Every structure is written in C-alpha cells, then in structure tokens.
Amino acid sequence: MTKSAAAPDALSQSGKIGVLVVNLGTPDALGYWPVRRYLKEFLWDPRVVDTPRLIWWPILNLIILSRRPQRSSKNYETIWNTELNESPLKTVTRSQAEKLAAWIESGGLGARRASIAVEWAMRYGQPSIISGFHKLKEQGCERILVVPLYPQYAGATTESVADKVEQSLAKMRWRPELRSAAPYYKDPVYIDALATSVREGVARLDFTPEIILVSFHGIPQSYVEAGDPYYDQCVETWRLLREQLDLTPERCPLTFQSRFGPKQWLQPYTDETVKALARQGVKRIAVLTPGFSVDCLETISEIGIENREFFEENGGEELALIPCLNDSALGMRVIQSIVERELFGWIEAGA
Ligand SMILES: C=CC1=C(C)c2cc3[nH]c(cc4nc(cc5[nH]c(cc1n2)c(C)c5CCC(=O)O)C(CCC(=O)O)=C4C)c(C)c3C=C
Ligand SMILES: [Fe+2]
Ligand SMILES: [Fe+2]
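Going by the annotation in an unreviewed UniProt entry, the name recorded for the protein chain is Ferrochelatase, with Methylocella tundrae given as the source organism. You can read under Pathway (unreviewed entry) in the UniProt record for the protein chain the words "Porphyrin-containing compound metabolism; protoheme biosynthesis; protoheme from protoporphyrin-IX: step 1/1." Under the heading Sequence similarities (unreviewed entry), UniProt records this for the protein chain: "Belongs to the ferrochelatase family."

### Describing the overall build of the protein chain
Check the secondary structure of the protein chain and you find 13 helices and 8 strands. Whereas a compact globule of 351 residues would reach a radius of gyration of roughly 20 Å, the protein chain reaches 21 Å, a difference of no more than 12%. On the principal axes, the C-alpha backbone points of the protein chain span a range of 65 × 50 × 45 Å. Across the 351 residues that make up the protein chain, the buried fraction comes to 42%. A separation threshold of at least 6 residues defines the contact pool for the protein chain, and within that pool the share at least 24 residues apart is 81%.

### A short note on the sheet that holds strand 6 (residues 254–257)
Ordered by their spatial adjacency, 4 strands build an open sheet running 6-5-7-8, and the pairing between neighbours is parallel. The strands lining the two open edges of the sheet, one partner per strand, are strand 6 and strand 8 (318–322). Averaged over all pairs of adjacent strands, the angle between their axes in this sheet comes to 30 degrees, without regard to strand direction. Looking at chain direction, strand 7 (residues 284–288) and strand 8 are connected through 5 bridges and run parallel. Bridge pairing in strand 8 places R284 opposite E318. Helix 11 (residues 297–313) contacts strand 5 (211–217), strand 6, strand 7 and strand 8 of the sheet and is inclined by roughly 165 degrees relative to strand 8.

### Here's the deal with the UniProt feature "binding site: Fe(2+)" (unreviewed entry) in the protein chain
Sites flagged by UniProt as "binding site: Fe(2+)" (unreviewed entry) map to H217 and E298. The named residues occupy 82 residues along the chain; their greatest pairwise C-alpha distance, 8.1 Å, places them in one compact cluster. By the element assignment, H217 lies in strand 5. Positionally, E298 belongs in helix 11. A tally of 21 C-beta atoms within 10 Å means that E298 is categorised as buried.

### Structural notes on the site of ligand 1
As a matter of local geometry, ligand 1 sits amid 24 residues, with T26, S72, A154, C296 and L297 nearest to it. When grouped by side-chain class, the residues that make up the shell around ligand 1 number 15 nonpolar, 7 polar and 2 charged. Counting contributing residues per domain, the shell around ligand 1 is built from domain 1 (10–184 + 329–350) and domain 2 (188–322), each supplying no fewer than three.

### Side note on helix 10 (residues 270–279)
Residues of helix 10 that are buried include every one of T270, T273, V274, L277 and A278, and no others. The buried residues of helix 10 occupy one face: seen down the axis, they fall within an arc of 135 degrees. In this structure, helix 10 carries E272 and R279 as exposed residues pointing more than 90 degrees from its buried face. Positive backbone phi, approximately 105 degrees, marks G281, located one or two places after helix 10.

### Here we look at the pairing of strand 6
Here strand 6 shows two buried faces, one formed by L254 and F256 and the other by T255 and Q257. Across 4 bridges, the pairing between strand 5 and strand 6 is parallel. Across the sheet, residue V214 finds its bridge partner in strand 6, namely L254.

### Structural notes on the nonpolar core
As a rule of thumb, nonpolar side chains are buried together in soluble globular proteins. Membership of the largest hydrophobic core comes to 88 residues, with the highest contact counts inside it found for V19, V21 and V147. Ranked by residue count, the leading element in this core is strand 2 (residues 116–124), at 7 residues. Inspection of this core shows a minimum of three residues originating in each of domain 1 (10–184 + 329–350) and domain 2 (188–322). In this structure V21 touches T93, Q96, A97, L100, V118, W120, V147 and L149, once residues within four positions along its chain are discounted.

### Focus on the environment of M172
Turning to its location among the elements, M172 is positioned in helix 6 (residues 155–172). A C-alpha to C-alpha distance of 8.8 Å links M172 and F133, two positions 39 residues apart in sequence. The residues touching M172, leaving out its near neighbours within four places in the chain, are I130 and F133.

Cut-offs used in this document
- Residues numbered from 1 in each chain as written.
- Chains lettered and ligands numbered in written order.
- Predicted model: local features only at pLDDT ≥ 70, side-chain atom pairs only at ≥ 80, totals over all residues.
- UniProt positions renumbered as here; feature names shortened; annotations may be inferred.
- Helix = DSSP H or I, 4+ residues; strand = E, 2+ residues; numbered from the N terminus.
- Rg over C-alpha atoms; globule rule 2.2 N^0.38 Å.
- Buried ≥ 20, exposed ≤ 12 C-beta atoms within 10 Å, placed from the backbone.
- Contact = placed C-beta atoms within 7 Å.
- Pairing = 2+ DSSP bridges.
- Axes fitted to C-alpha atoms, helices over the stretch in contact; angles between N-to-C directions.
- Near = placed C-beta within 6 Å.
- Nonpolar A, V, L, I, M, F, W, Y, C, P; charged D, E, K, R; others polar.
- Domains from an automatic or database assignment.
- Arc of directions from axis to C-beta.
- Core = buried A, V, L, I, M, F, W, Y, C linked by C-beta atoms within 7 Å.

In structure tokens, the structure reads:
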C-alpha cells in the first residue's frame, strides 16, 4: 500500500482526501494466457475499438486472441522486469505513486498539513480501479482525485478511465466527492520537463541526432473525425515543445505509432517515417514519446527495438530512444504540480 497520512487537522473534519493515480494496464505475467486475458479486456472496451460488438466479437475472440498473445508475450519478454516479475509500466507507475506519497508526507503541498492517501491502479488488469477505491475508502477518504496519466485526452484512454471509475463506484454503491485531473498536454511544467529531457537525453548520446522525432501513440482517424480532440492536443504539445527547443517541424517531425487493424490511423506513421528518413540518407535520429508517462512495450520495444531495426535496415546508423519522464525528478515534478493544482480548494479549505 502507498499512503501518506499527516497529523489530523481541520481538513480531516471535512473528509480525508485520496489520490488515485491511474495508468493503462499491462499483463500480470508473461505467457499466452496472461497476455490473452489482458488483451481481451483491453480490446473489448468499446472506447478502444468501436466496431459493433456483433462483428467485433468473432474477430477478437476467434482471430486476434488466437495469435496475438503469443507474439505480444515474446515482445513483453524483451522488456520484462525480471527482478519483480512484472512489466515496467507497473514498476514505474507504482514508483510514481510512492514518490508522490513521500513528497506529500514531507510537506510537498506547502505549509498546509493535509491528510492525503495515495494509491495507484490500472485501467485494465491489476491493481484494478475498484481495488484502489476500496483501499482509499478503508483509509477514510471521502474526497478522491483521480489522476489519469495521459497528457493528451483520448476517448480510448482518459474517457475509458472515467467509464471505469463510474462503473466501479456504482458497484461499490459509494460516491465520494470526485475530481478527475484534466489532460495536461500544454501544461508549462510538462512542456518544460519534456524540453529538459530532450536536452539531457541528447547530451548523453555519443552522437548528434540530425532529427528529433516526436512519436505519439496513434488512434483511428475516424475517432478524430467523430470529435476526439486527441490529434489537436498532440499537435499542441509538439508545437510548444519545438518552441522551447527552437526546432523546426523538419528537424523535429511529428508521427503516430502503434497502429492496429486495417483502419486508417493518424498519420504520418512512425515506422514509415523512420524508414523514409533512413532512405533519404539520415544517419542518426533520436525519438521522443511524450504521450506516454511511463516507458512501456510501445516505447522500449516498438521504438527502441522494432523501429531501430527498420532504421538500420534502410541505411540509418543510430536510433536512440529518449526515455519517458517516468518517475524521474522531472516526471515527478509534473505529477506533483498536477496534483497540487487539482486539489485547489480542497486543501485550502482545511489548511
Ligand atoms: C486497438 C486499438 C488501440 C487504441 C485505440 C489504443 C490507444 C492508445 N493506447 C495508448 C497507450 C498504450 N497502449 C499500449 C499497448 C497497446 N495498445 C493497443 C491498441 C490500442 N491502443 C494494443 C493492442 C496494445 C498491446 C500491445 C501489443 O499487444 O502489441 C501500451 C503499453 C502497455 C504495456 O503493457 O506496456 C500503452 C501505454 C494510448 C496513449 C492510446 C491513445 C491515445
Ligand atoms: Fe495502445
Ligand atoms: Fe505496439
């Protein structure tokens, strides 16, 4: 359990606060069945795949879930945290929550003596959102801030967390005062942290990248056409980051990765861009994935291994992955500032 509880104060009379940090989710173990269980829950969510259920059920259960878990499990093997026997997404999300709790406990929220519990959860798999709520309820929380660790809003991520939050509370027949942190795609603290991570990441390399590619997870183009603001928010993050780094779109292109299925996804695609750059004679690139709060399969394996191979096969020499903000001091500053902002009013009221 990750918790932080300071001395009782005026705040505790008006309801202890809980913070629930939420990330996407990841398999509980390697192997066909654990990965299948995870993918089944993930890909059955209509926010993720909106194909009518009658059509999607046989495709998912009879085709995708018969082959993909094996292949994905092999990919997970390459990134697995063998010491803790879990995926890096879990290790780092837990650490983010623990560091947030420690920061609050050591007075990070200023002179205000708040009593705040911190827990973490996954939208798919374990620990579940409902288990996070149970833990917070047991600690006496009556006001809860949910922090989805997605800088850019997407129906498939942010909104899906909101769905699960509602379903979980309905199951518990409980309704604390509830807040959900807003997407932070243009938050100056986030943009600053990204810019610093690029400067530091590039300085650590033993080569100078000709191109700094900014790759976001894609979504189907049709979701954007239906009104999802994800694309615009990615573009805004990219623009603000380039402004800070003084980089042109040519030197710092925007791409979208991880496409899945036959639909058109947001373009340009990362893999095609990486191949094209290599064919045009670009030898050294660095790739940043600012849409991910934590390094995971999609960054370490898809970019760091798969796309690096594409780059080298097409004449490129060096592709370096700039790490996500993760639980670094920069990453924690972003999470802390989100929590501080979103608790406004709740904390002041009792301080
Ligand atoms: C099928 C459609 C998918 C949509 C839409 C989608 C959106 C989306 N996903 C993330 C973040 C992550 N996705 C991750 C893995 C992953 N994503 C999909 C599919 C869609 N994602 C699949 C099938 C997988 C599993 C991996 C595989 O089998 O190849 C992960 C990594 C999880 C991990 O365990 O490391 C993250 C993180 C975002 C931000 C997003 C929309 C904006
Ligand atoms: Fe995904
Ligand atoms: Fe992928």
